[in-house]
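Summary of structural features
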Amino acid sequence: MDWDWAFVAEILPTLVEGVKITILATILGYALAVVLGLGLALLRRTRQRWLARVVGFLIEFIRGTPLLVQLYFLFYIMPDIGLTLSPLTAGVIGLGLHYATYTAEVYRAGIDNTPRGQWEAAKACNLTAGQSWRHVILPQAIPPMLPALANYFIAMFKETPLLSAITVLELMNQARSVANFNYRYLEPMTLVGAFFLVISLIAVIGLRFLERRFRPLR
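Residues numbered from 1 in each chain as written. Predicted model: local features only at pLDDT ≥ 70, side-chain atom pairs only at ≥ 80, totals over all residues. Heavy atoms only, no water.

Re the overall build of the chain
Looking only at helices and strands, the chain features 8 helices and 0 strands. Put simply, the chain runs from its N terminus to its C terminus through helices and strands in the order α-α-α-α-α-α-α-α. Viewed in the frame of its principal axes, the chain has a C-alpha envelope of about 70 × 45 × 25 Å. Taking all 218 residues of the chain together, 38% fall into the buried category. (Helix = DSSP H or I, 4+ residues; strand = E, 2+ residues; numbered from the N terminus. Buried < 20%, exposed > 50% of the residue type's maximum accessible area, 1.4 Å probe, protein only.)

Okay, structure coming up:
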């Protein structure tokens with residue numbers, strides 16, 4: 001099959017729209033993941049053992065089941081119990097919940113690596129628990145985590161094609177639609193690979209910057 005540049009020019013605007021949805025879903029899903037992940041990490045460290053165990057079980061349960069199954073549950077099963085979500089909303093929530101369990105472990109490891117002397121210093125300064133977390137522990141724990149957190153951003157971006165299973169018009173879904181309609185797969189699928197490669201490389205460059213920026217803090 002010969003490469004058709006005219007066909008590329010015809011389908012490119014449609015694929016660009018898919019790229020926008022893919023990037024939007026990734027950014028929103030990642031924002032949910034980093035915020036919820038921090039909350040899960042803090043709850044897992046609570047002195048209430050029953051709550052810590054429940055959160056730990058929830059994290060392992062979500063990590064142990066496929067993202068695709070979770071997306072199907074949110075979009076196709078939740079309406080049966082009265083909660084109907086739009087495809088994009090279900091996709092963002094699914095990505096965010098799934099990756100929150102991974103970012104929670106990153107946060108937990110970073111917090112555990114904070115020197116014990118920092119906790120004691122905060123206590124000696126008569127800081128409350130909330131002040132200790134905000135002003136002493138988290139500012140020291142989070143910067144070394146950034147490269148690991150950035151890795152999960154890249155991983156999430158590469159998993160967005162799964163959103164096509166719940167009818168989100170992201171890049172892969174758009175490419176499949178134009179390919180099936182025109183019976184040409186070479187150009188759409190090649191462009192999909194190129195888009196993912198270029199955006200992933202940009203993210204990797206940002207990751208390398210973070211690694212160099214925060215290396216002295218490790």
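A short note on the pattern of salt bridges
By the definition in use, this model includes 4 salt bridges. One salt bridge connects Lys20 with Glu17, and the closest N-O pair in it is separated by 3.3 Å. One end of the pair is Lys20 and the other is Glu17, both in helix H1 (residues 5–44) and 3 residues apart, which spans about a single turn. We classify Lys20 as partly exposed; its relative accessible area is 48%. Its relative accessible area of 41% is what places Glu17 among the partly exposed residues. Salt-bridge contacts for Arg184 lead to Glu187; the nearest nitrogen and oxygen are separated by 2.4 Å. (Salt bridge = Lys/Arg side-chain N within 4 Å of Asp/Glu carboxyl O.)

Digging into the layout of surface pockets
Of the pockets and cavities examined, the second largest pocket occupies roughly 300 Å³. Leu58, Phe61, Ile62, Gln70 and Leu97 are the residues nearest the centre of the second largest pocket, which is lined by 13 residues in total. Counting only elements with at least two residues in the lining of the second largest pocket, the list comes to H1, helix H2 (49–63), helix H3 (67–77) and helix H4 (87–112). The greatest single-element share of the lining of the second largest pocket, amounting to 4 residues, is contributed by H3. A breakdown of the residues in the lining of the second largest pocket according to their chemical character gives 9 nonpolar, 4 polar and no charged. (1 Å grid on protein atoms, 1.4 Å probe; cavity = no way out; pocket = protein on both sides within 12 Å on 5 of 7 lines; lining within 4 Å. Points joined across faces, edges and corners; volume = space filled by probe spheres on them. Nonpolar A, V, L, I, M, F, W, Y, C, P; charged D, E, K, R; others polar.)

Re the environment of Asp80
On the secondary structure map, Asp80 appears in the loop between H3 and H4. Take Asp80: its relative accessible area is 66%, and that puts it in the exposed class. Sequence separation between Asp80 and Leu210 is 130 residues, and the spatial gap between their C-alpha atoms is 44 Å.

Considering the packing of H3 against H4
Remark: H3 packs on H4, axes separated minimally by 9 Å, with the N-to-C direction vectors making an angle of 140°. One way to sum up the angle between H3 and H4 is to call them oblique. H3 and H4 meet at a crossing whose hand is right-handed. From H3, Leu67, Gln70, Leu71, Leu74 and Phe75 reach across to H4, where they touch Pro87, Ala90, Gly91, Ile93, Gly94, Leu95 and His98. When the residues that make up the contact of H3 with H4 are grouped by side-chain class, the tally is 8 nonpolar, 4 polar and no charged. (Axes fitted to C-alpha atoms, helices over the stretch in contact; angles between N-to-C directions. Parallel < 35°, antiparallel > 145°, perpendicular 65-115°, else oblique. Left-handed = near helix turned anticlockwise from the far one by under 90°. Contact = heavy atoms within 4.5 Å.)

Comments concerning H4
Between the first and last C-alpha of H4 there are 38 Å, a value that for 26 residues agrees with the 38 Å anticipated at 1.5 Å per step. Maximum bend of H4: about 30°, positioned at Ala100. (Expected span 1.5 Å × (residues − 1). Bend = angle between axes of the 7 residues up to and from the residue.)

Brief notes about H1
Three or four residues apart is the spacing at which side chains of an α-helix point the same way, because the helix has 3.6 residues per turn. Here H1 spans 54 Å end to end across 40 residues, near enough to the 58 Å set by a 1.5 Å rise per residue. Helix geometry: H1 is bent most strongly at Leu12, by close to 40°, with proline Pro13 lying one to four residues after it. The N-cap of H1, judged by a side-chain oxygen 3.0 Å from the amide nitrogen of Ala6 a few residues on, is Asp4. (Polar contact = N/O pair within 3.5 Å; in protein donor to acceptor, adjacent residues only side chain to side chain.)

Let's talk about the packing of aromatic side chains
Applying the stated criterion across every chain yields a total of 9 aromatic pairs. A ring pair is formed by Tyr102 and Tyr152, whose centres lie 5.6 Å apart and whose planes are at 40°; its orientation type is tilted. Linking Tyr102 in helix H4 with Tyr152 in helix H6 (residues 129–159), this pair joins segments that are 50 residues apart in sequence. Classification of Tyr152 as partly exposed rests on a relative accessible area of 25%. Pairwise contacts between aromatic rings join Tyr72, Phe75 and Tyr76 into one cluster. (Phe/Tyr/Trp six-rings, centres within 6.5 Å; stacked < 30°, edge-to-face > 60°.)

Structural notes on the environment of Thr14
Within the fold, Thr14 resides in helix H1. Relative accessible area serves as the criterion here: at 29%, Thr14 is assigned to the partly exposed category. With 157 residues separating them in the primary sequence, Thr14 and Leu171 have C-alpha atoms 8.7 Å apart. When residues no more than four places from it in sequence are discounted, the contact partners of Thr14 are Gln174 and Val178.

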